[in-house]
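# Descriptive structure summary
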Amino acid sequence: MTDTVKKTDTPPALDDSAAPAPVTDPRLLVREQGFRGYVTEFKRKVRGGELGSIPVVLGLILIAVIFQSQDSSFLSPDNLSNIGIYIAGPGIMAVGVVFVLLLGEIDLSVGSVAGVGAAVWAVLSTVHGIDDGVAVLCAVAAGAAIGTVHGFFFAKVGVPAFVVTLAGFLGWSGLQIWLMGSEGTINTPRGSLVEQLTNFFFDDIAAAYGLALVAVLGYLASMLLDSRRRREASLPYRPLSEVALRTGLLALVAFTAAYQLNQARGLPLALVIFLAVLVIADFVSRRTSYGRQIFACGGSTEAARRAGINVERVRITVFMIAGTLAVVGGLFIASQSGGATKSLGAGNVLMNVIAAAVIGGTSLFGGRGKIWSALLGMLVIQSIMQGLNLLGMASEIQYMITGAVLLAAVVLDSVSRRTQKTAGRA
Amino acid sequence: MSAAPVLALRGVSKRFGAVQALTDVDLEIRAGEVVALVGDNGAGKSTLVKTVAGVHPIDDGTVEWKGRPVEINRPHDAQDLGIATVYQDLALCDNLDVVANLFLGRELRRGGVIDEVAMEKRAKELLDTLSIRIPSVRIPIASLSGGQRQVVAIARALIGEPEVVILDEPTAALGVEQTAQVLDLVERLRERGLGVILISHNMADVKAVADTVAVLRLGRNNGVFPVKETSHEEIIAAITGATDNAVTRRQQRTAEAAS
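Thresholds applied
- Residues numbered from 1 in each chain as written.
- Chains lettered and ligands numbered in written order.
- Predicted model: local features only at pLDDT ≥ 70, side-chain atom pairs only at ≥ 80, totals over all residues.
- Heavy atoms only, no water.
- Helix = DSSP H or I, 4+ residues; strand = E, 2+ residues; numbered from the N terminus.
- Rg over C-alpha atoms; globule rule 2.2 N^0.38 Å.
- Buried < 20%, exposed > 50% of the residue type's maximum accessible area, 1.4 Å probe, protein only.
- Contact = heavy atoms within 4.5 Å.
- Areas by Shrake-Rupley, 256 points an atom, 1.4 Å probe, with all protein chains shown as cover.
- Lys, Arg positive; Asp, Glu negative; His and termini not counted.
- Charge placed at Lys NZ, Arg CZ, Asp CG, Glu CD.
- Pairing = 2+ DSSP bridges.
- Axes fitted to C-alpha atoms, helices over the stretch in contact; angles between N-to-C directions.
- Domains from an automatic or database assignment.
- Buried area = accessible area lost by both parts, 1.4 Å probe.
- Salt bridge = Lys/Arg side-chain N within 4 Å of Asp/Glu carboxyl O.
- Polar contact = N/O pair within 3.5 Å; in protein donor to acceptor, adjacent residues only side chain to side chain.
- Core = buried A, V, L, I, M, F, W, Y, C linked by side-chain atoms within 4.5 Å.

Let us look at the overall build of chain B. In terms of helices and strands, chain B carries nine helices and twelve strands. Taken over the C-alpha trace, chain B has a radius of gyration of 19 Å; the compact-globule value for 259 residues is 18 Å, and the two agree within 12%. Principal-axis analysis of the C-alpha atoms places the extent of chain B at approximately 60 × 40 × 40 Å. The burial tally for chain B puts 56% of its 259 residues in the buried class. For chain B, long-range pairs separated by at least 24 residues make up 64% of all intrachain contacts whose partners lie at least 6 apart in sequence. A total of about 10,800 Å² of accessible surface is found on chain B, and carbon and sulfur atoms cover 49% of it. Of the side chains in chain B, 29 bear a positive and 35 a negative charge, and the two mean positions are spaced by 1 Å.

It is worth spelling out the sheet that holds strand S11 (residues 212–217) of chain B at this point. Residues and elements named next belong to chain B. The sheet built from six strands is open, its strands ordered S6-S9-S10-S3-S11-S12 with mixed pairing. The sheet is open, and its two edges are formed by strand S6 (83–86) and strand S12 (220–226), each paired on a single side. Across this sheet, the average inter-strand angle for adjacent strands is 20°, counted without regard to direction. Pairing between S11 and S12: five bridges, direction antiparallel. Opposite Leu216, over in S12, you have Asn221 as the bridge partner. Helix H1 (residues 45–53) rests against strand S3 (34–38), S6, strand S9 (164–168), strand S10 (195–199) and S11 of the sheet, and its axis sits at about 135° to S3. Here helix H5 (residues 146–159) sits on the sheet and contacts S6 and S9; the angle it forms with S6, its principal contact strand, is near 175°.

Our focus in this paragraph is the domain arrangement of chain A. Residue and element names in this part refer to chain A. Split into domains, chain A comes out as domain 1 (54–203 + 265–411) and domain 2 (204–264). For domain 1 and domain 2, the distance between their C-alpha centres works out to 27 Å. Interface area, domain 1 with domain 2, both sides summed: about 900 Å², of which 70% is carbon and sulfur. Counting the surface domain 1 buries against domain 2, the share from its top three residues, Pro77, Asp203 and Leu267, is 45%. Remark: the boundary between domain 1 and domain 2 carries zero salt bridges. Linking domain 1 with domain 2 are four residue pairs in polar contact (both at pLDDT 80 or more), by the criterion used here.

Time to look at the pairing of strand S2 (residues 19–29) of chain B. Residue and element names in this part refer to chain B. Relative to S2, strand S1 (residues 7–16) is paired through seven bridges, and the arrangement is antiparallel. By the bridge assignment, Leu9 is partnered in S2 with Leu27. The turn linking S1 back onto S2 is made up of two residues, and Gly17 within it adopts a positive phi angle of 55°.

This brings us to the pattern of salt bridges. Scanning the model with the defined rule gives 25 salt bridges over all chains in all. A salt bridge links Arg110 of chain B to Asp115 of chain B, with the nearest nitrogen and oxygen atoms 3.8 Å apart. Residue classification places Arg110 of chain B among the exposed residues on the basis of a relative accessible area of 51%. Ionic pairing is found between Arg122 of chain B and Glu161 of chain B, a salt bridge with its closest N-O pair at 3.8 Å. You can see Arg122 of chain B sitting in helix H4 (residues 116–129) and its partner Glu161 of chain B sitting in the loop between H5 and S9, a full 39 residues away along the chain. Given a relative accessible area of 56%, Glu161 of chain B falls into the exposed group. One network of salt bridges, with partners in common, ties together Arg230 and Arg292 of chain A together with Asp97, Glu116, Glu120 and Arg138 of chain B.

A few words on the nonpolar core. Generally speaking, soluble globular proteins have nonpolar side chains that are buried together. The biggest cluster of nonpolar side chains holds 111 residues, and the ones touching the most others in it are Val95, Trp121, Phe274, Ile294 and Val318 of chain A. Broken down by element, this core gets its largest block of residues, 13 residues, from helix H14 (residues 311–337) of chain A. Each of domain 1 (54–203 + 265–411) and domain 2 (204–264) of chain A contributes no fewer than three residues to this core. When residues no more than four places from it in sequence are discounted, the contact partners of Trp121 of chain A are Asp132, Ala135, Val136, Ala139, Thr188, Pro189, Ser192, Val194 and Leu331 of chain A. Ranked by size, the runner-up nonpolar core spans 52 residues in total, among them Leu102, Val165, Met203 and Val227 of chain B.

As structure tokens, this is what we get:
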């Protein structure tokens, strides 16, 4: 029996085989080679409460089945394409929120920061006639500055992030209304950069398929390279069967999505940018020292500080990232709704964004989560909203259902965490 | 023992509000020497260690590194000098795996990207040479037992190739075999020419591995003794302050003259 989980909190028994070479402890988990090992490992993880993305994926399938049975246009290419575009703005904001949640903090201001960003861009480019690109850069810089202010008060002054960003939530909403001034709404000019964000499509079918192919090949190559390096270093590596299975699943999803998008209007620019943000953020969080520092600060601030990590710098920069991405998301929302308004980013945008991160599987308690939860969670929320819209449900029902889904996700998180604790894996 | 100390504290004082935690403390550590730092609870052992490690900057006095006065204001300063510390409350990140914890704050990189393969390989080699057995180097610290966490914490101190290692109560939570392993490890550090500060309440451990015993009492020096020529009772007396008399003072003077 090499695969059973045994309690590890008993002191190791005296080892009478005092061989000079490292002896394999019989209680260690040794993974069987090959595909069988992968399956048993997977089963063990699920039993131990490490559900990963399984609940979200099951939830998405459930949502698709329910709405498709009610209205056959739910899975139509047009609707799927719309979902792909609508998730971009809030999704990018959710990436910023995931960073903050990894730190074990929360940012309640992302909605109003998005509104301020859209207002800055709209006022600069239409009222003052500043070049479109420069106006966008100014808006993004404003988001970074706002995030830095939040980070400063949190990290240096020591005000809880909850309070700082709650104050920001009110304050920046006020700034947004003041900036918009007498204009109730500033429409996005035709052909402007921001207008293009959600209205530009790569309509050549090669674009969507090409992107899918690049993604699949890139994923495959990185896994194969990693496996080879690990094998050369005689470390445990992914068996070829697992690589093939993972790549196959990704290819299935990527090419189905590409096919559906091509059936509609082609590959949306919004989705491309969102995916790029996801890939970069995922890379930063998992493969750089900076990302490791974020996880460390979220796990144990004291341990991080003693390891020589500049905790204050990490905190300030994380809030800066959240502010920056909030503005980028805000510009997408402005593009999608046709302009900047006094109420852009108000209402349920904030809750949807935070809910997306949590539904996707990022813990509210810090240190545990993945950037991709922004995508998965946003897909769940947007699918529900889109489905309810198709069924002609009023927005009050949408609020209630989204709230229930959020609660279900958090309950699942708590329960699976308790299971993990008893299985000695949390 | 005639070599110049690697690390020397001279007249170090530290105050927390109304509490004078350390007053005029001197301490010297030479390469290849194990100095046991002993004292009752609240004697200032942990505070002293934290001043050297850069967690609490000192208020008064000087810290000398290889004869040169240095300022240690941040944990980074201590690390850069070559001082590694293993705290009593381990200071590991529960959510990160063993490899990530071992290299936290000094990840190996390849072209700016964390080199997980090299880190895992080095972690395995290190744990093997220390005969440390844990279920996997890729499981989160949260799933390890207290003893396993202790050995990971000690292994972590050695990753950065330090010259002075400070161990704060390293054997307090360990079983019989693991205690022996840690003591072996301390001796191996000495053989490699590192200076070790060992904080311990366990006199058996102190007598087993230390060369010198420095006693703290109520935040002040209360004698530095060579272990071989000092009896258990004398050390206990210095810790409790029970026999602060001419005999102990004389022994202390001769001990200092000899060192």
